[in-house]
Amino acid sequence: EDSNDVATFGFNPTTYDGEEGDEVMVTVELMEGTLEREVELNVQSNDGTATEAGDYGVVNMNLMFDESTSDNTFSISLVNDVNVVESDESFTLQLSPEDPNAVIGSGA
C-alpha cells in the first residue's frame, strides 16, 4: 500500500434546501482517489442564521468509508417552529478527516 495515496471527500451536492419540518438527506462521497483501508470523517454542524436545536437537529457524527463504501448519507431534521415568522436561514456543515490520507475537497 502506498502511504501517499490520498482520498478526497466532499458533499454532493454542496448546498441543500429544505422547509421547516423536513428531513434533509445529506450525502458525503469519495470524490477522488481510492480506498484500500477504512477511513473515518467527522461531520459537524455550525450555526449561521439558523441555530442548532431551535432551527435544526445538531450534527456531530463520524462517517466510515472503506473499499466498498464510496458514499454515506445521513439526515438533518429542520425544526418546524410554526408560531414564528422567519426569513430563510442557513447553517454550515464541516467535514474533518480523522486520517492523514483523507482530504476535504473544495466546497465541502
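The rules behind these values
Residues numbered from 1 in each chain as written. Predicted model: local features only at pLDDT ≥ 70, side-chain atom pairs only at ≥ 80, totals over all residues. Heavy atoms only, no water. Pairing = 2+ DSSP bridges. Helix = DSSP H or I, 4+ residues; strand = E, 2+ residues; numbered from the N terminus. Axes fitted to C-alpha atoms, helices over the stretch in contact; angles between N-to-C directions. Patch = residues over 30% accessible without salt bridge, like charges linked within 9 Å, V, L, I, M, F, W, Y side chains within 5 Å. Areas by Shrake-Rupley, 256 points an atom, 1.4 Å probe, with all protein chains shown as cover. Salt bridge = Lys/Arg side-chain N within 4 Å of Asp/Glu carboxyl O. Lys, Arg positive; Asp, Glu negative; His and termini not counted. Charge placed at Lys NZ, Arg CZ, Asp CG, Glu CD. Buried < 20%, exposed > 50% of the residue type's maximum accessible area, 1.4 Å probe, protein only. 1 Å grid on protein atoms, 1.4 Å probe; cavity = no way out; pocket = protein on both sides within 12 Å on 5 of 7 lines; lining within 4 Å. Points joined across faces, edges and corners; volume = space filled by probe spheres on them. Nonpolar A, V, L, I, M, F, W, Y, C, P; charged D, E, K, R; others polar. Core = buried A, V, L, I, M, F, W, Y, C linked by side-chain atoms within 4.5 Å. Contact = heavy atoms within 4.5 Å.

Let's shift gears to the sheet that holds strand β4 (residues 60-65). Across the sheet, which stays open at both edges, the three strands sit in the order β4-β3-β6 with antiparallel pairing between neighbours. Of all strands in the sheet, those bounded by a partner on one side alone are β4 and β6 (91-97). Sheet twist, expressed as the average angle between the axes of neighbouring strands with direction ignored, equals 25°. Examined bridge by bridge, strand β3 (residues 39-47) and β6 share seven bridges and lie antiparallel to one another. Considered in β6, the bridge of Asn46 is made with Thr92.

Take a negative patch on the surface next. Among the surface-exposed residues, Asp17, Glu19, Glu20, Asp22, Glu23, Glu86, Asp88 and Glu89 lie close enough to one another that they form a single negatively charged patch. Mapped onto the elements, Asp22 comes out in the loop between β1 (7-11) and β2 (23-32).

The subject of this paragraph is the pattern of salt bridges. Following the criterion strictly, the structure yields one salt bridge and no others. Across the salt bridge formed by Arg37 and Asp99, the nearest N and O atoms sit 2.5 Å from each other. Pair noted here: Arg37 is in the loop between β2 and β3 and Asp99 is in the loop between β6 and β7 (102-104), with a separation of 62 residues, a long-range link. According to the relative accessible area criterion, Arg37 is partly exposed, its value standing at 28%.

Across the junction of Asn12 and Pro13, the peptide omega takes the value 0°, indicating a cis bond. Located in the positive-phi region is Ala53, a residue other than glycine, with phi close to 75°. Locating Ala53 in the fold gives a position in the loop between β3 and β4.

Attention shifts here to the layout of surface pockets. For the largest pocket, the calculated volume is near 760 Å³. Forming the walls of the largest pocket are 26 residues, and the residues nearest its centre are Tyr16, Gly18, Glu89, Ser90 and Phe91. Within the residue set of the lining of the largest pocket, elements represented by two or more residues are β2 and β6. It is β6 that provides the largest number of residues to the lining of the largest pocket, a total of three residues. A per-class count over the lining of the largest pocket returns 12 nonpolar, seven polar and seven charged.

To continue, consider the nonpolar core. Core analysis: the biggest nonpolar cluster contains 22 residues, and Phe9, Val28, Val43, Phe74 and Leu93 have the highest contact counts within it. Sort the elements by how many residues they give to this core and β2 lands first, with four residues. Phe74 has contacts with Val24, Met25, Val26, Val28, Val43, Val59, Met61, Leu63 and Leu93, leaving out every residue within four places of it along the chain.

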